[in-house]
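The lines below spell out each chain.
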Amino acid sequence: MQHMIEKIINRSLESKNLVGANCIVLKDGEELFGGAFGFSDKEKGIPMSRDSIFRLFSLTKPVTSAAAMILIDRGLLSPDDAVSDFFPEYSELSYMDENGDIKPCNTVMRVSHLLTMTSGLPYANNYNVSVKAAAKIFDALEDGQRTGIGITTDEFCRRAAKIPLSFVPGKHWDYGISADILGGIIEKASGMKLSEFMEENIFRPLGMKDTGFYVPKDKLSRFTVLYEWSDSGLVRCDKAFLGLTDYTAPPMFESGGAGLVSTIGDYAKFACALANGGNLGETRLFGQETFNYMVAPKLGEFQQNDMWERLAGYNYSCLMRVMTDVSSSQTGTVNGEFGWDGWTGTYFCADPNNKVVCLFFTQICGAGTTYEAVEIGKTVYRGLGL
């Protein structure tokens, strides 16, 4: 297994499809493979290391989901709670119908809609009224950073209530800013900033010392460079995305959908806790019933048809994919495996039945679930005979 994983990664480095990467594979909490490859900063000649810090982007979402599960487990939050219970602005929503007309929305948006990406709250784009309205909020975030008048998580959530939803909540699945709004609700339900709640209830208990919404000055030398594709191959990318900052200082807007940074070792602890039903060693994040809710498939067939083609075989649980039909999947894992990926190429999968965890981290714009991540997963499951 070790030789095959190294071959997959080194082949991509040689063909210049990667600049650098980290990989960890665990079974029953024991590390079967771990390696750092290539460069964290190629131009400066800094090699990738086990403690290199990565932008998680959407790999933030499972952490936000776990934070919500902790509150649900404590009885401080319910999937049935209305979003308007926390942000009154959501009591008068509108949506865009099939003809593109904006109409009043008479359906209550609930926490469950945020957890399952069925809220109708879109990511920014420019092809219809709904996504253009989302884009204005992200433009305002960027303007605030330039002027020094930033937008807080609370203000982001309030402004998002003005977005005409892409559909009536619950009707479809669409990947959008649901996790960011959930982050704001976590703040309201806990009485703490999102970063503080995660630190106190997830990061510190699990020993995740390099995870947060920014990179402290004394750790910046470990912060991995982000690359993007160009006509000449992979080149450095210094652009900001999704209203995120340069990560050098605590942000006013703590994005529950994309804002965290972490090391692969830190995230492996989180993934192992999930693979073990919400527990790692003496640390218990939440109980078995809550864990079962977190990873149970939530979409009906109609909603599942909205999911991306690359997720064939998967349903969607609480801000994560969950395998329900391995026969139609291309990943080579097993039914019950769950996880997610980040836009910059951070990926994890966890298998609670076989206690297998696989992580592959790189930093390339638009990478998502990479070829390498899929091939490593197949190699692991073949090697373990699962």
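Scroll up a little and you will see the structure.
Residues numbered from 1 in each chain as written. Predicted model: local features only at pLDDT ≥ 70, side-chain atom pairs only at ≥ 80, totals over all residues. Heavy atoms only, no water.

A.B. asks: Help me get a handle on the pairing of strand β15 (residues 346-351), residues and values and all.
C.D. replies: Burial within β15 is extensive, with six of its six residues counted as buried. Strand direction decides the pairing type here: strand β14 (residues 338-341) and β15, joined by four bridges, are antiparallel. Across the sheet, Asp341 pairs through a bridge with Tyr347, a residue of β15. Taking the residues between adjacent antiparallel strands as the criterion, β14 and β15 are bridged by four residues, where Gly345 takes a positive phi near 95 degrees. In terms of strand pairing, β15 meets strand β16 (residues 356-361) through six bridges, oriented antiparallel. Bridged to Thr346 within β16 is Phe361. Here β15 hands over to β16 after four residues, with Lys355 in that stretch at a positive phi of 55 degrees. (Buried < 20%, exposed > 50% of the residue type's maximum accessible area, 1.4 Å probe, protein only. Helix = DSSP H or I, 4+ residues; strand = E, 2+ residues; numbered from the N terminus. Pairing = 2+ DSSP bridges.)

A.B. asks: Go over the pattern of salt bridges, please, and point to the residues and values.
C.D. replies: Under the defined criterion, the tally for this structure stands at 21 salt bridges. Its salt-bridge partner being Asp51, residue Arg222 comes within 3.7 Å of it at the nearest N-O pair. Taken together, the residues span a long stretch of sequence, with Arg222 in the loop between α7 (194-206) and β7 (227-230) and Asp51 in the loop between β3 (46-47) and β4 (54-55) at a distance of 171 residues. For the salt bridge of Asp97 with Lys103, the shortest nitrogen-to-oxygen distance reads 3.1 Å. What makes Asp97 buried here is its relative accessible area of 7%. Through salt bridges with shared partners, a single ionic network connects Asp51, Asp210, Lys219 and Arg222. (Salt bridge = Lys/Arg side-chain N within 4 Å of Asp/Glu carboxyl O.)

A.B. asks: Describe the environment of Asn315, and please don't skip the residues or the numbers.
C.D. replies: Looking at the element boundaries, Asn315 is found in strand β12 (residues 314-316). Asn315 gets classed as buried once you look at its relative accessible area, which sits at 5%. Placed 240 residues apart in sequence, Asn315 and Gly75 show a C-alpha to C-alpha distance of 27 Å. In this view, Asn315 contacts Pro297, Lys298, Leu299, Gln304, Met307, Met320, Arg321, Val322 and Thr324; residues no more than four positions away in its chain are not counted. Side-chain polar atoms of Asn315 contact the side chain of Gln304, separated by 3.4 Å. (Contact = heavy atoms within 4.5 Å. Polar contact = N/O pair within 3.5 Å; in protein donor to acceptor, adjacent residues only side chain to side chain.)

A.B. asks: Now, about the nonpolar core: what can you tell me, with residues and values included?
C.D. replies: The nonpolar side chains of a soluble globular protein tend to be buried with one another. Membership of the largest hydrophobic core comes to 92 residues, with the highest contact counts inside it found for Tyr90, Ile181, Ile202 and Leu359. At nine residues, the largest contribution of residues to this core is made by helix α8 (residues 264-275). For Ile181, the contacting residues outside a window of four places in its chain are Val83, Tyr90, Leu114, Leu121, Phe156, Cys157 and Ala160. In this structure, Ile5, Ile8, Val225 and Ile376 belong to the second largest nonpolar core, which totals 25 residues. (Core = buried A, V, L, I, M, F, W, Y, C linked by side-chain atoms within 4.5 Å.)

A.B. asks: Report on the packing of aromatic side chains, specifying residues and quantitative values.
C.D. replies: Within the structure shown, the criterion is met by 20 aromatic pairs. Considering the side-chain rings of Tyr175 and Trp308, the 5.0 Å spacing of their centres and the 75 degrees angle between planes classify their relative orientation as edge-to-face. On the criterion of sequence distance, the pair formed by Tyr175 in the loop between α5 (153-160) and α6 (178-190) and Trp308 in the loop between α10 (301-304) and β12 is long-range, its members being 133 residues apart. For Tyr175, a relative accessible area of 14% corresponds to the buried category. (Phe/Tyr/Trp six-rings, centres within 6.5 Å; stacked < 30°, edge-to-face > 60°.)

A.B. asks: Please set out the side chain of Thr153 residue by residue, giving values where relevant.
C.D. replies: Tracing the sequence through the fold places Thr153 in helix α5. A residue is classified by how much of its surface remains accessible, and Thr153, at 2% relative accessible area, is buried.

A.B. asks: Outline the side chain of Ser255, listing residues and values.
C.D. replies: Of note, Ser255 is situated in the loop between β8 (233-236) and β9 (261-262). Among the polar contacts listed, one links the side chain of Ser255 to the side chain of Asp180, at a separation of 2.6 Å. Beyond its immediate sequence surroundings of up to four residues, Ser255 is in contact with Thr60, Asp180, Phe213 and Leu244.

These figures come from the coordinates and say nothing about function on their own.
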